[in-house]
Amino acid sequence: MNILNRLVVACVPAVPKPIVRRFANRYIAGETLDEAVRVVRQLNEQGMMATLDVLGEDITTHEEATAAVVESEQVLHRITSEKLNANLSVKLTSIGLKLDKSFCLDNTKRIVQTARSLDNFVRIDMEDSTCTSDTIDIYRSLSKEMKNVGIVLQAYMRRSAADTAKLIPAKSNIRLCKGIYNESPEIAFKEHDEINRNYVSLLRTMLEGKCYVGIATHDTQLVESALQLIREMNLQHHEYEFQMLLGVRKDLRDSIVRAGHRMRIYVPFGKDWYGYSIRRFKENPQVAGQVFRSIVFPWNSHS
Ligand SMILES: Cc1cc2nc3c(=O)[nH]c(=O)nc-3n(C[C@H](O)[C@H](O)[C@H](O)COP(=O)(O)OP(=O)(O)OC[C@H]3O[C@@H](n4cnc5c(N)ncnc54)[C@H](O)[C@@H]3O)c2cc1C
């Protein structure tokens, strides 16, 4: 990232919320479940699956965690009643990971059991490195008794090769992404090329280990490497899927769909859209730059 981009990104938290909201619209389905259902239906009509994420991290009480569990269950019931092709992604900090691990395990179990009763699936998102071990523990404990649960590994984490080795014997369902949190070089690869090399190596290991992988990336180079691996291993379309975030790289997304591969779009929605949007802007200084220009030149902004 060049100095100007870094400056722009640093300024984003100072941007008034209404302006952030205008630019956030491309990344979030809205504040309500009704809005999210509309977006998922459109994606389904275009041949894509979805995973719904109720935005909300950093809860501080057991009551908030329980409310988030109820909300997740409502999403699962709504997916069924609307006959959507979608599952649920959940962040364990939103259901109590930082309050009490066994409380969080119970909460996650409740959501996964509800999903199982509806013949649906729950993906446990991966958060920052303070959560990695606990998240994997909870996933492994649940996946022993229920098959409708998956996990995420991050290619920037140095530990991910060892984690992959632990998850392969159970043929885990793994989403592989680069990782979005700012981790230290002691525990994470920092350079684009080394992260990409690790991504491809992990992907090969997971696919050879017969894991179902959600190949989550918008990086053309990684998509091409993944397609090459898929050809090399002669995998059928139902043995993997691609995944992308709502509003990102529609060109690449559509070309993957046109080629007949499964594509699942991550569809976040909810009242707590602000933190999520700021993370997306930090990832993409071009959009952050548009936000910045709309403040400096409000008469000349385009969303
Ligand atoms: C479905 C899905 C689920 C994810 N789940 C997790 C998770 O559980 N835990 C976690 O840590 N991370 C998660 N991520 C985030 C992922 O780690 C980040 O998206 C990552 O930082 C970006 O990696 P990339 O593979 O897109 O490659 P990059 O090299 O970052 O991006 C490749 C290209 O994609 C485009 N691009 C990327 N991001 C954006 C953006 N926000 N806006 C516009 N264009 C963009 C740019 O053109 C960029 O050049 C998830 C991502 C996806 C797609």
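Cut-offs applied
- Residues numbered from 1 in each chain as written.
- Predicted model: local features only at pLDDT ≥ 70, side-chain atom pairs only at ≥ 80, totals over all residues.
- Heavy atoms only, no water.
- pLDDT = per-residue confidence, 0-100.
- Contact = heavy atoms within 4.5 Å.
- Buried < 20%, exposed > 50% of the residue type's maximum accessible area, 1.4 Å probe, protein only.
- Helix = DSSP H or I, 4+ residues; strand = E, 2+ residues; numbered from the N terminus.
- Right-handed = clockwise from strand over helix to strand, strands pointing away.
- Pairing = 2+ DSSP bridges.

S.K.: What am I meant to see in the confidence of the model for the protein chain here?
M.R.: The predicted structure's coordinates, where accompanied by low pLDDT, should not be read in detail. For the protein chain, the average pLDDT comes to 91, and 91% of its residues sit at 70 or higher. With pLDDT under 50 throughout, residues 298-303 is counted as low confidence; its partners more than four residues away or in other chains account for seven contacts.

S.K.: Honestly, the pairing of strand β5 (residues 173-177) in this entry has me stumped. Any pointers?
M.R.: Within a regular beta strand, the side chains point alternately toward one face of the sheet and then the other, so they alternate between its two faces. The element β5 is largely enclosed, with a buried count of five among its five residues. Burial of β5 is two-sided: the residues Asn173, Arg175 and Cys177 facing one way and the residues Ile174 and Leu176 facing the other way are all buried. In the classification by handedness, the crossover that spans strand β4 (residues 149-154), the intervening helix α7 (residues 160-167) and the parallel β5 is right-handed. In terms of strand pairing, β5 meets strand β6 (residues 212-216) through four bridges, oriented parallel. Residue Arg175 lies in a different strand from β6, and its bridge partner there is Gly214. Each parallel crossover has a hand, and for β5 linked through helix α8 (residues 192-208) to β6 it is right-handed.

S.K.: Is there a simple way to think about unusual backbone geometry in this case?
M.R.: Across residues other than glycine, the phi torsion is negative in most instances, and most of the peptide bonds are trans. Backbone geometry places Asp119, a non-glycine residue, at a positive phi of 60 degrees. Its place among the elements puts Asp119 in the loop between α5 (101-117) and β3 (122-124). For Arg249, which is not a glycine, the phi torsion comes out positive at approximately 45 degrees. Among the structural elements, Arg249 can be located in the loop between β7 (240-245) and α10 (250-258).

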